[in-house]
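Inside the fold
Listed here are the chains, written in short residue letters.
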Amino acid sequence: MANSEKVLHNAKVISFINMKGGVGKTTLTKEIGFRLTNSLGKKVLLIDVDPQINLTQSIFKYFNYAQSAEIAQKLKKQYANTDINSENEDVNFKNTKVSTASIKKVFEGNSSFPANLDDCVLTFPDSNLSIIPGELGIEFTTRNLNSAQLENGIYNFIDTQNLRSLFDYILIDCPPTYSSYTVAALKPSDFYVVPVKPEAYSILGINMLNKVVKTIVDDNHIFFKEQPLHNLGIILTDINSKPSTGIKNLIQDITSSKTLKNSGIGIFKTRFLHNPYLQSDIGYFIDASNAEKTSKPNLNQLVKEFQERVKKYE
Ligand SMILES: Nc1ncnc2c1ncn2[C@@H]1O[C@H](COP(=O)(O)OP(=O)(O)O)[C@@H](O)[C@H]1O
Ligand SMILES: [Mg+2]
């Protein structure tokens with residue numbers, strides 16, 4: 001982390017959460033985080049708490065990393081099957097770096113014996129981006145740990161390693177199902193963002209999430225008394241620039257929902273537009289693409305609103 005000693009940062013910790021899968025949590029975490037570092041020069045730490053590790057896979061693909069020599073070897077085989085140019089495939093493999101940093105080690109530490117920073121956090125060369133990579137099937141590999149250790153894991157790690165002073169933003173990609181990992185993500189969080197893909201039961205899902213968050217806050221009121229958890233708002237995701245009447249009606253239902261208004265949850269003005277490349281290439285990043293016409297200005301606007309909403313609480 002070159003030059004980081006001189007500047008003292010004061011990171012905001014933000015969880016991307018929804019109890020539903022496939023709504024854009026991972027995509028927004030990676031796209032917002034990447035733009036903040038790549039174009040806006042912010043120092044960002046991404047934390048992958050989802051046992052599906054999609055965030056880690058995207059980021060590793062972009063920066064050409066693998067979690068083990070075995071995975072690097074598998075990637076080599078994949079390249080061999082898809083690349084016509086065999087020279088290229090060797091170059092790709094040779095350049096693949098192996099990192100064993102993992103969220104598992106965060107959970108295995110505690111406040112008396114915190115995990116080592118470099119065992120958990122990977123910082124990419126020539127970049128302001130760092131990640132605590134996820135661990136595939138972490139629910140099995142950490143099953144010997146009690147729930148309190150899991151639930152306090154990320155909070156203790158951020159605290160003991162003073163991570164807030166190293167970064168501007170710490171973004172956490174949450175799993176879709178409720179577990180100790182959800183509590184672990186929300187405990188250190190200043191904010192949570194709710195990605196919502198307009199569907200028939202979106203509002204029910206948001207209401208269920210609100211109940212879950214309220215329960216977590218009530219159960220841990222001492223944590224949240226000192227450092228309240230705010231809802232940063234709902235981000236409507238994967239929206240066509242010309243949405244169908246059906247989708248327009250669903251969006252209208254969400255934006256006019258009385259239950260949402262009563263619970264004080266705002267909705268981002270900027271909607272995250274549909275971009276087919278996000279589905280076909282896990283190594284695709286809007287900010288590094290040439291999508292100048294729609295996706296790039298859309299993401300720029302979304303990140304601007306994201307930063308403005310965070311600033312309101314400063
Ligand atoms: N704006 C978008 N345009 C096109 N596809 C999207 C968009 N946002 C998300 N997706 C796709 O939808 C799927 C689910 O998104 P993901 O971020 O993995 O959801 P979650 O993390 O909530 O499960 C992925 O295939 C992703 O590529
Ligand atoms: Mg996900």
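Structure shown above.
As a further point, take helix α1 (residues 25–38). One turn of an α-helix holds 3.6 residues; hence residues three or four places apart share an orientation. Taking 1.5 Å per residue as the helical rise, α1 with its 14 residues ought to reach 20 Å, and the 20 Å between its terminal C-alpha atoms agrees with that figure. Most of α1 sits out of view: twelve of its 14 residues are buried. What α1 keeps buried is the set K25, T26, L28, T29, K30, E31, I32, G33, F34, R35, L36 and T37.

Within the secondary structure, N300 sits in helix α15 (residues 295–311). Sequence spacing of N300 and L36 is 264 residues, and the spatial spacing of their C-alpha atoms is 9.4 Å. Other than its neighbours up to four places away in sequence, N300 contacts R35 and D287.

So, about the packing of aromatic side chains. Aromatic rings in a pair are described by how distant their centres are and how their planes are angled relative to each other. Using the criterion set out here, one finds 14 aromatic pairs in the structure. Here the aromatic rings of F60 and F124 are separated by 6.5 Å at their centres, their planes lie at 85°, and the arrangement is edge-to-face. Linking F60 in helix α2 (residues 54–63) with F124 in the loop between β5 (122–123) and β6 (129–132), this pair joins segments that are 64 residues apart in sequence. According to the relative accessible area criterion, F60 is buried, its value standing at 4%. For F124, a relative accessible area of 1% puts it in the buried group. With 5.1 Å between their ring centres and 65° between their planes, F191 and Y313 make a pair best called edge-to-face. With F191 in strand β8 (residues 191–196) and Y313 in the segment after α15, the pair connects residues that are 122 residues apart, well separated along the chain. The exposure class of F191 is buried, given its relative accessible area of 2%. In this structure an aromatic cluster arises from ring pairing among F34, F60, Y62, F63, Y65, F124 and F285.

To continue, consider the pairing of strand β2 (residues 44–48). Regular strands show a simple pattern: their side chains alternate between the two faces of the sheet. Of all five residues in β2, five are buried; the element is thus mostly enclosed. The two faces of β2 match: V44, L46 and D48 on one face and L45 and I47 on the other face are all buried. Of the strand pairs in this sheet, β2 and β6 are connected by four bridges, and their pairing is parallel. Within β6, the position partnered with I47 by the bridge is I132. Strand direction decides the pairing type here: β2 and strand β7 (residues 169–173), joined by five bridges, are parallel. When the sheet's bridge partners are listed, V44 is paired in β7 with Y169.

About the thresholds
- Residues numbered from 1 in each chain as written.
- Chains lettered and ligands numbered in written order.
- Predicted model: local features only at pLDDT ≥ 70, side-chain atom pairs only at ≥ 80, totals over all residues.
- Heavy atoms only, no water.
- Helix = DSSP H or I, 4+ residues; strand = E, 2+ residues; numbered from the N terminus.
- Expected span 1.5 Å × (residues − 1).
- Buried < 20%, exposed > 50% of the residue type's maximum accessible area, 1.4 Å probe, protein only.
- Contact = heavy atoms within 4.5 Å.
- Phe/Tyr/Trp six-rings, centres within 6.5 Å; stacked < 30°, edge-to-face > 60°.
- Pairing = 2+ DSSP bridges.

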